[in-house]
Amino acid sequence: MVVKGNAYNLEIYKDNHTWQEGDFQVFRTTQWSAPGCHNGCGVLFYVKDGKVEKIEGDPQNGWNCGTLCMRCLDILESMYDENRLKYPMKRAYEDRGKNKWERITWDEAYDIIEEKVRYIQKNYGNESIIAEIGTGRNVWWQVPWGCFAGLQSPNQTGAFLSGDSCYSPRSSILALMSGEYLTSDMSQMLPDRYESNEWVVPQCITIWGCNPIMSNGDGYLGHWIVEAMKRGSELVMVDPRINWLSAKAKHWLRLRPGTDAALAMAILNVMIKEKLCDYDFIEKWTYGFEDIAKAVEDMSPARASEICWIPEQDIIDAARFMATAKPMAMHWGVAIDQQPSATPAGQALICIAAVTGQIDNPGGSLVTRSAYNISLFSQEGFEDNITDEQKEKRLGMHKYPMRGTGISAMAHTDVVLESIETDGASNDCEQYPIMMQWMQGCNPIANMAAEAPRVYDAICKVPFNVVVDVVMTPTAMACADLLLPAAMGSERDSIRAWWWPLRAISKITDYYEAHGDEQILLDLVNRLNPSAAPGTEVADWVNDLLANHSDADFDFDYLKEKVIVWPEWHYYKHEKGLLRWDGQPGFNTPTGKIELKVDWLEANGLSPVPFYEEPHESPYSTPELYKEYPLVLTTGARSYEYFHSEHRNLPTIRAFHPDPLVEVHSETCKDLGLEEGDWVWIENQRSRCRQRIKYNNGLDKRVVAAEHGWWFPESDPERLFNVFDSNINNLTTQCDIGKSGYGAAYKCLLCKIYKCTEENSVITPTAQVLDKGGFKYERKRLG
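Residues numbered from 1 in each chain as written. Predicted model: local features only at pLDDT ≥ 70, side-chain atom pairs only at ≥ 80, totals over all residues. Heavy atoms only, no water.

**Brief notes about the sheet that holds strand β1 (residues 18–21)**
Consideration 1: Pairing within the open sheet is antiparallel, and its four strands lie in the order β1-β2-β3-β4. Each end of this open sheet is capped by a strand with a single partner; those strands are β1 and β4 (51–57). Pairs of neighbouring strands in the sheet enclose a mean axial angle of 30°, with direction left out of account.
Consideration 2: For strand β2 (residues 24–31) and strand β3 (residues 41–48), the ladder comprises seven bridges, and the chain directions are antiparallel. Each bridged residue has a counterpart across the sheet, and for T29 the counterpart in β3 is V43. (Pairing = 2+ DSSP bridges. Helix = DSSP H or I, 4+ residues; strand = E, 2+ residues; numbered from the N terminus. Axes fitted to C-alpha atoms, helices over the stretch in contact; angles between N-to-C directions.)

This is the structure we're talking about:
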């Protein structure tokens, strides 16, 4: 028997699906949300009398090799939190914002939904219903299917994440340039993991725009990188903040937030001018190299140094190391997406991986699909359930050409917001109002929605709202008419396939009347459009996916028994004809090559090659504004304790991280008369919020980093848990996005900070929003 990753006592840690151990029945399964995360780790649930008593990492599971994060280790506190939603509830429209809920049955809830949906479909059209999802929660393939098959609307969308600024910018440009997804190789595709003879330890790992040991984003565990470091990998870290990884990096490039495109272009400039590229790979497998060389010609390290606030020689040294290290793995994160230059920054980074020849090689950047080619992303599949005529009514399809390519099946978030605000008058297709929101696994006004007070106004304007969640959230309290309780990981059947291998999620316990997200959506489709439902049970649905939408030759029962199944992995797939639809060597693009220059972009009025655009609010683009707000504000850095807005209700987690924190250089604080621990107002021309100062002397003195996702479950629900008091998205903005329609300035704004005093804290931001009509400024509109 091969033990994946680590050797353990097989008499204790078995590879069965379940066994008895004393008074406990032990279940091997996959833990994946709720609460949310981006992964799906192998765990052992110890169950007694129908209740989970203990969780432990499964050492037999080669994906996470027995490790768990602190959030997973504290899962019992989440599962049995007294504030969990236990039953479906309804509330009168006029009682929105009030804690006046009435318990109802699931059948009553479905009756209400069916009546409302059919009324809206008849009188306004299917497209007047939108389905919204957040990140991380296990709803990313379920809700799109429920939207298309059940609600029969084309408008499934992210929950007001401006510019679709999470992975969509990178995945869309990846699709155009390479026809595939890319992820760095830390042996995660191989069952023997670090001991595999096929894997090569990366000499260099370039980590750009993320802190993977905290974020563990995009189906990827950060500790894999730590394992590679133990085996000799060295890091190039691109991050405005010092953290555990950047402190250990061979090269740490501390860039000014929002200038990633300039830095990446300068690195390409060095590689090309010093002839450090892999010219054999370029000749065989890329298109447009000369165009790229010309595009970056003027972005010298000296120029980039002025733009990015990085010493010129540091850029040169890092570029040389990235080009000459073999292999070099590129790992990138959401910071790329959260700037108006998201698309050109992504283009430049893909070019770096391509011109160095580090594509689908062991230890490089892997061409990645979901295991067994199962189609589970919202961008893929399921659209057969709506007509072409309905697709034409998807919001944002006509305003932004990249949306019309079929790369993404999501309505554009900013266009959705404006549609609500204008009753459909601003639609880029025919005019129709938004009459209903289905919100599952999202809490926009506490988390992902830029300009949160504006989004609060919008969601409260929609006539009928259904929220599916695990606890009462500020969003549910603000606008829900129906509130449905969602099950957690051990209370649902499901599968996990982002990316590799395929894993089973097994239902082993119940919690009151909470239902799994899959079951809720399956019930919805059976009510509204039964001919589209693959059955009535989740197992029916999963078996349909495995049989008809994947290459798997087994069913769900087999997968549950095995828990984790690894398909055969192939490197250099472009050389073997394993990527293209016609079976020929090459990439799945019009030229069959990685397109460093994308002609399609040029034909649609966008730049075919990377370019640099200064952040829209910055010391250089808005110098007068900079005089009033002299600090660059970056937001959204992850923590070990929280997944976005989740976990604030858990005493153990909260004890580790009780307050919202803004990181500031100590010398900046000294100049402003501030000290570590002080509560400060963070303010710009839109509004303000308050957080506590934490020193980070690794930051540039001109940059501050504020946390997102804060609300206070211990406070009054009818004050929306004071969701606006420390909400950094009071300061961000909607409708100021990149030319491609992707990317918004979550990471690159301006602000000032000053100490909270009794005098300047009389009116809190929550009071300003709920009692005084919000903050007064001119809201941006899409051009």
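Let's pick the thread back up.
**Observations concerning the environment of D771**
Consideration 1: Mapped onto the fold, D771 is located in helix α26 (residues 765–771).
Consideration 2: Along the primary structure D771 and S171 are separated by 600 residues, whereas in three dimensions their C-alpha atoms are 41 Å apart.
Consideration 3: Setting aside residues no more than four positions away along its own chain, D771 makes contact with R719 and T766. (Contact = heavy atoms within 4.5 Å.)

**Quick notes on the side chain of N64**
Consideration 1: Inspection of the secondary structure assignment puts N64 in the loop between β4 and α1 (70–73).
Consideration 2: For N64, the side chain forms a polar contact with the main-chain nitrogen of G42, separated by 2.8 Å.
Consideration 3: Beyond its immediate chain neighbours, meaning those up to four positions away, N64 contacts C41, G42, L221 and H223. (Polar contact = N/O pair within 3.5 Å; in protein donor to acceptor, adjacent residues only side chain to side chain.)

**A short note on empty space enclosed by the protein**
The gaps left among the atoms become clear once a water-sized probe is rolled over them.
Consideration 1: Summed over all chains, the structure comprises eight cavities of 30 Å³ or more.
Consideration 2: Approximately 530 Å³ is the volume found for the largest cavity.
Consideration 3: Around the largest cavity, the lining comprises 36 residues; the ones closest to its centre are G209, C210, N211, V334 and K747.
Consideration 4: For the lining of the largest cavity, the elements supplying multiple residues, two or more each, are α6 (212–215), β14 (328–332) and β23 (631–635).
Consideration 5: Here the lining of the largest cavity is built from residues that sort into 14 nonpolar, 14 polar and eight charged. (1 Å grid on protein atoms, 1.4 Å probe; cavity = no way out; pocket = protein on both sides within 12 Å on 5 of 7 lines; lining within 4 Å. Points joined across faces, edges and corners; volume = space filled by probe spheres on them. Nonpolar A, V, L, I, M, F, W, Y, C, P; charged D, E, K, R; others polar.)

**Things to note about the pattern of salt bridges**
Consideration 1: Applying the stated rule across the entire model yields 49 salt bridges.
Consideration 2: When the shortest N-O distance is used, the salt bridge between D280 and K284 registers 3.7 Å. You can see D280 and its partner K284 sitting in helix α10 (residues 279–285), four residues apart, about one turn around the helix.
Consideration 3: K284 gets classed as partly exposed once you look at its relative accessible area, which sits at 46%.
Consideration 4: With a shortest N-O distance of 3.2 Å, D582 and R580 are connected by a salt bridge.
Consideration 5: For D582, a relative accessible area of 32% corresponds to the partly exposed category.
Consideration 6: Residues joined in a network through salt bridges with shared partners are D107, D111, E114, R118 and R527. (Salt bridge = Lys/Arg side-chain N within 4 Å of Asp/Glu carboxyl O. Buried < 20%, exposed > 50% of the residue type's maximum accessible area, 1.4 Å probe, protein only.)

**Observations concerning a negative patch on the surface**
Consideration 1: A cluster of acidic residues, D192, E195, E198 and E568, forms a negative patch at the surface.
Consideration 2: Relative to the assigned elements, E568 resides in the loop between β21 (564–565) and β22 (594–595). (Patch = residues over 30% accessible without salt bridge, like charges linked within 9 Å, V, L, I, M, F, W, Y side chains within 5 Å. Areas by Shrake-Rupley, 256 points an atom, 1.4 Å probe, with all protein chains shown as cover. Lys, Arg positive; Asp, Glu negative; His and termini not counted. Charge placed at Lys NZ, Arg CZ, Asp CG, Glu CD.)

**Points about the nonpolar core**
Consideration 1: Grouped together as the largest cluster of nonpolar side chains are 101 residues, with contacts concentrated most on I113, L151, M436, W438 and L484.
Consideration 2: Aside from chain neighbours lying at most four places away, what touches M436 is V117, I120, S128, I129, I130, L151, V462, F464 and V466.
Consideration 3: In this structure, W208, L255, V598 and Y742 belong to the second largest nonpolar core, which totals 70 residues. (Core = buried A, V, L, I, M, F, W, Y, C linked by side-chain atoms within 4.5 Å.)

**A word on the sheet that holds strand β24 (residues 661–664)**
Consideration 1: Strand order in the closed barrel made by the six strands is β23-β27-β24-β26-β25-β28, with mixed pairing throughout. The sheet shows a mean angle of 45° between the axes of neighbouring strands, taken without regard to direction.
Consideration 2: Note that strand β25 (residues 679–683) and strand β28 (residues 749–755) share four bridges and pair antiparallel. Looking at β28, one finds that E683 is bridged to K752.

**Remarks on the layout of surface pockets**
Consideration 1: Here the second largest pocket defines a volume of roughly 470 Å³.
Consideration 2: Here the residues of the lining of the second largest pocket sort into 14 nonpolar, eleven polar and one charged.

**Some details on the pairing of strand β11 (residues 234–238)**
Within a regular beta strand, the side chains point alternately toward one face of the sheet and then the other, so they alternate between its two faces.
Consideration 1: Counting buried positions along β11 gives four out of five residues, so the element sits mostly inside the fold.
Consideration 2: Pairing of strand β10 (residues 204–208) with β11 involves five bridges; the strand directions are parallel. In the strand pairing of β11, C204 is matched with E234.
Consideration 3: For β11 and strand β12 (residues 251–253), the ladder comprises three bridges, and the chain directions are parallel. Looking across to β12, one finds that V236 is bridged to H251.

**Side note on helix α4 (residues 142–151)**
Owing to its 3.6 residues per turn, the α-helix brings residues three or four apart onto one side.
Consideration 1: For α4, the buried fraction is high: ten of the ten residues fall into the buried class.
Consideration 2: Taken together, the buried positions of α4 are Q142, V143, P144, W145, G146, C147, F148, A149, G150 and L151.
Consideration 3: Once α4 ends, the next one or two residues include Q152, with phi positive near 55°.

**Considerations on the pairing of strand β18 (residues 482–485)**
Consideration 1: Where burial is concerned, the two faces of β18 agree: the one with L482 and L484 and the one with L483 and P485 are both buried.
Consideration 2: Relative to β18, strand β5 (residues 89–90) runs antiparallel, the two being bridged by two bridges. Among the inter-strand pairings, K90 is bridged to a residue of β18, identified as L482.
Consideration 3: By the bridge criterion, four bridges tie strand β17 (residues 464–469) to β18 in an arrangement that is parallel. Paired with V467 across the bridge in β18 is L483.

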